[in-house]
Amino acid sequence: MRYVSTRGEAPVLGFEDAILGGLARDGGLYLPEEWPTLSESEIAALAGLPYEEAAFRIMRPYLGDAFTDDEFRAILTRAYARFGHAAVCPVVQTGPNDWLLELHHGPTLAFKDVAMQLIGQLFEALLARRGQRVTIVGATSGDTGSAAIEAFRGLPSADVFILFPDGGRVSEVQRRQMTTPTEANVHAIAIDGNFDDCQGMLKAMFNDFAFRDEVGLAAVNSINWARVLAQVVYYFTAAVSLGAPHRPVSFSVPTGNFGDIFAGQVARHMGLPIDRLVIATNENDILHRTLQTGTYEKQGLRATISPSMDIQVSSNFERLLFELYGRDGAAVAAAMGELSAQGRFTLPQGALTTLREGFASARADEAAAKAAIRGTLERAGHVVCPHTACGIVAAAAERGDPAVPLVTLATAHAAKFPDAVEAACGVRPPLPSRMSDLYDREERMTRLPNDLAAVEAFVKEKRTV
Ligand SMILES: *Cc1c(COP(=O)(O)O)cnc(C)c1O
């Protein structure tokens, strides 16, 4: 299996280099050269398997010869050992044919653990074999940073540095998840700036090729192919548990950077009969507007009660564009150039039609999300997080055929956002018992100015060579 860049200029790579490198050197994102498929009987045979075994069968074709079957099975066992549910990603019923896919049973209570725990183990196995170390730097508005820290804490092959906005909109649970691990390879850095400053700095570090090569910089943000790949698995396990491949299933996905829902599209390419893929946005609705108008246009960032979906542009949308543009890297590069020069680009009519055939979308404002939190508690006895609530709003708006099971992805545990949830429904969700001492643990972080040189110097000094 070989991987190509969405902008067509970077070298074609194997699985190992595609995931260790992260962003392609032409600024694009890596994608497999072709989509492997599972036959109907292979999909049917996933029913009832342990999650790790289903994951093995779904991901195996993408790995080339990076691991033996035994090695990859051992990696998967380690990756999912820390989940608090025996099914890893269980499905629960909330209405006659409405379901929640609970993705929040990992160590940081958000769906990012499903991919990040695997990435940690994949990196460790590959790097140990090569005798290499990497420096992972990430920027976070909350969930990604804590998931990366939990995935890499204590692993011998990596140092992890996470930048987050000091006093920003990171919730207390999210901050404590980043600042309380005690391992020496973990560094939580509070930047005197906002999330855009943190992300800008991360980009600048990747563009500083001398620094990038000196410290062995690696990215585990949502553009890393292995993250998308790991998320493909739960679309299959959920759909099969509800009757696929013998009946189609629809999904509503709380969306920010488009990584999670793009994994659904990959499952479709692989042969899973998905009827609707509903893009659920909050007030940061660039994707919903794109489906409506055909123009992908950046607007100001709005702070919402679902902060992990607060984005101006969706980085993984570039992967879908590559498909919509018939895998024409030059066309994708031109669109991205237009986006950075003018803040917008318009999809050609053919691409827009294909987009609308593949996806539905809906935007959930704050009042609607809060009503969905209340309504889900009243109707189904479930307390959901504000991100999941956006998915529930979109699911109702774009229900489609009532005979098709509609699965909303529950992307975080309600206890990660206790204030917003309590304000919406009057119930303050408690942390699961396995992390109930989070508020008592000691915090450890470094405060740095919004200055590239200062951050680069800190990384160079603290990393263990
Ligand atoms: C990251 C995140 C999202 C958005 O996922 P994308 O892959 O960026 O679209 C939604 N909900 C929660 C809780 C998240 O942490």
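The structure contained in this document is the topic of the report that follows. All values derive from a computational prediction rather than experimental measurement.

Conventions we followed
- Residues numbered from 1 in each chain as written.
- Predicted model: local features only at pLDDT ≥ 70, side-chain atom pairs only at ≥ 80, totals over all residues.
- Heavy atoms only, no water.
- Helix = DSSP H or I, 4+ residues; strand = E, 2+ residues; numbered from the N terminus.
- Rg over C-alpha atoms; globule rule 2.2 N^0.38 Å.
- Contact = heavy atoms within 4.5 Å.
- Areas by Shrake-Rupley, 256 points an atom, 1.4 Å probe, with all protein chains shown as cover.
- Lys, Arg positive; Asp, Glu negative; His and termini not counted.
- Charge placed at Lys NZ, Arg CZ, Asp CG, Glu CD.
- Core = buried A, V, L, I, M, F, W, Y, C linked by side-chain atoms within 4.5 Å.
- Buried < 20%, exposed > 50% of the residue type's maximum accessible area, 1.4 Å probe, protein only.
- Pairing = 2+ DSSP bridges.
- Axes fitted to C-alpha atoms, helices over the stretch in contact; angles between N-to-C directions.
- Expected span 1.5 Å × (residues − 1).
- Near = heavy atom within 4 Å.
- Polar contact = N/O pair within 3.5 Å; in protein donor to acceptor, adjacent residues only side chain to side chain.
- Nonpolar A, V, L, I, M, F, W, Y, C, P; charged D, E, K, R; others polar.
- Salt bridge = Lys/Arg side-chain N within 4 Å of Asp/Glu carboxyl O.

## Topic: the overall build of the protein
1) Next: Helix and strand content of the protein: 19 helices and 15 strands.
2) Next: Computed over C-alpha atoms, the radius of gyration of the protein comes to 21 Å, within 12% of the 23 Å expected from 2.2 N^0.38 for 465 residues, which places it in the range of a compact globule.
3) Next: When its C-alpha atoms are laid out on the principal axes, the protein stretches across 60 × 50 × 50 Å.
4) Next: Long-range pairs, those at least 24 residues apart, make up 75% of the contacts in the protein with a sequence separation of at least 6.
5) Next: Approximately 17,000 Å² of the protein is accessible, and the part contributed by carbon and sulfur atoms is 49%.
6) Next: Mean positive and mean negative side-chain charge positions of the protein (43 and 55 charges, respectively) differ by 1 Å.

## A few points about the nonpolar core
1) Next: Phe-123, Trp-225, Tyr-235 and Phe-251 are the most contacted members of the largest nonpolar core, which totals 116 residues.
2) Next: Sort the elements by how many residues they give to this core and helix 10 (residues 225-241) lands first, with 13 residues.
3) Next: Not counting residues up to four positions away in its chain, the partners in contact with Trp-225 are Tyr-3, Phe-15, Tyr-30, Leu-31, Pro-32, Trp-35, Tyr-62, Phe-262, Val-266 and Arg-319.
4) Next: Core analysis: the next-biggest nonpolar cluster, separate from the first, contains 20 residues, Ile-189, Ile-191, Met-201 and Leu-202 among them.

## A word on the sheet that holds strand 5 (residues 134-139)
1) Next: Ordered in space as 8-5-6-7-15, the 5 strands form an open sheet in which the pairing is parallel. The open sheet has two edge strands with one neighbour each: strand 8 (217-218) and strand 15 (446-449).
2) Next: By the bridge criterion, 6 bridges tie strand 6 (residues 158-165) to strand 7 (residues 186-192) in an arrangement that is parallel. Residue pairing for strand 7: Pro-165 is matched across the bridge by Ile-191.
3) Next: Sitting on the sheet, helix 19 (residues 452-462) touches strand 5, strand 6, strand 7 and strand 15, and the angle it makes with strand 15 is about 145°.

## As for the sheet that holds strand 14 (residues 406-410)
1) Next: Reading across from one edge, 3-4-14-9-10-13 is the order of the 6 strands in this open sheet, with mixed pairing throughout. Two strands lie at the open edges of the sheet, namely strand 3 (91-95) and strand 13 (359-363), each paired on one side alone. Averaged over neighbouring strand pairs, the angle between their axes works out to 25° when direction is ignored.
2) Next: Pairing of strand 9 (residues 249-254) with strand 10 (residues 274-281), which is carried by 5 bridges, proceeds in the parallel orientation. Note on strand 10: the bridge partner recorded for Val-249 is Ile-274.
3) Next: Packing of helix 10 onto the sheet brings it into contact with strand 3, strand 4 (98-102), strand 9, strand 10 and strand 14, and relative to strand 9 it is tilted by some 140°.

## Section: helix 5 (residues 112-130)
1) Next: The end-to-end C-alpha distance of helix 5 is 27 Å, a good match for the 27 Å that 19 residues give at a rise of 1.5 Å each.
2) Next: With 15 of its 19 residues buried, helix 5 lies for the most part within the structure.
3) Next: Phi turns positive, to about 65°, at Gly-131, one or two residues after helix 5.

## Some words on the side chain of Glu-318
1) Next: Turning to its location among the elements, Glu-318 is positioned in helix 13 (residues 317-324).
2) Next: According to the relative accessible area criterion, Glu-318 is buried, its value standing at 4%.
3) Next: Each residue touching Glu-318, except ones within four places of it in the same chain, is listed here: Thr-6, Arg-7, Gly-27, Gly-28, Leu-29, Val-332 and Met-336.

## Quick look at the site of the ligand
1) Next: Surrounding the ligand, one finds 15 residues, the nearest of these being Lys-112, Asp-143, Gly-256, Asn-257 and Thr-411.
2) Next: A distance of 3.0 Å separates an oxygen atom of the ligand from a polar atom in the backbone of Phe-258.
3) Next: The separation between an oxygen atom of the ligand and a polar main-chain atom of Asp-260 is 2.9 Å.
4) Next: In the complex, the protein chains occlude 97% of the 380 Å² of accessible area that the ligand would expose alone.
5) Next: Broken down by class, the residue content of the shell around the ligand amounts to 5 nonpolar, 7 polar and 3 charged.

## Section: the pattern of salt bridges
1) Next: Tallied over the entire structure, the rule returns 31 salt bridges.
2) Next: Where Arg-2 meets Glu-33, a salt bridge forms, and the shortest distance between an N and an O atom there is 3.2 Å. Placement of Arg-2 in the segment before strand 1 (3-5) and of Glu-33 in the loop between strand 2 (30-32) and helix 2 (40-44) is noted, with a sequence separation of 31 residues between them.
3) Next: Of the charged contacts in the structure, one is a salt bridge between Asp-98 and Arg-399, with a shortest N-O distance of 3.3 Å. In this pair, Asp-98 is assigned in strand 4 and Arg-399 in the loop between helix 17 (386-397) and strand 14, connecting sequence segments 301 residues apart.
4) Next: What makes Asp-98 partly exposed here is its relative accessible area of 24%.

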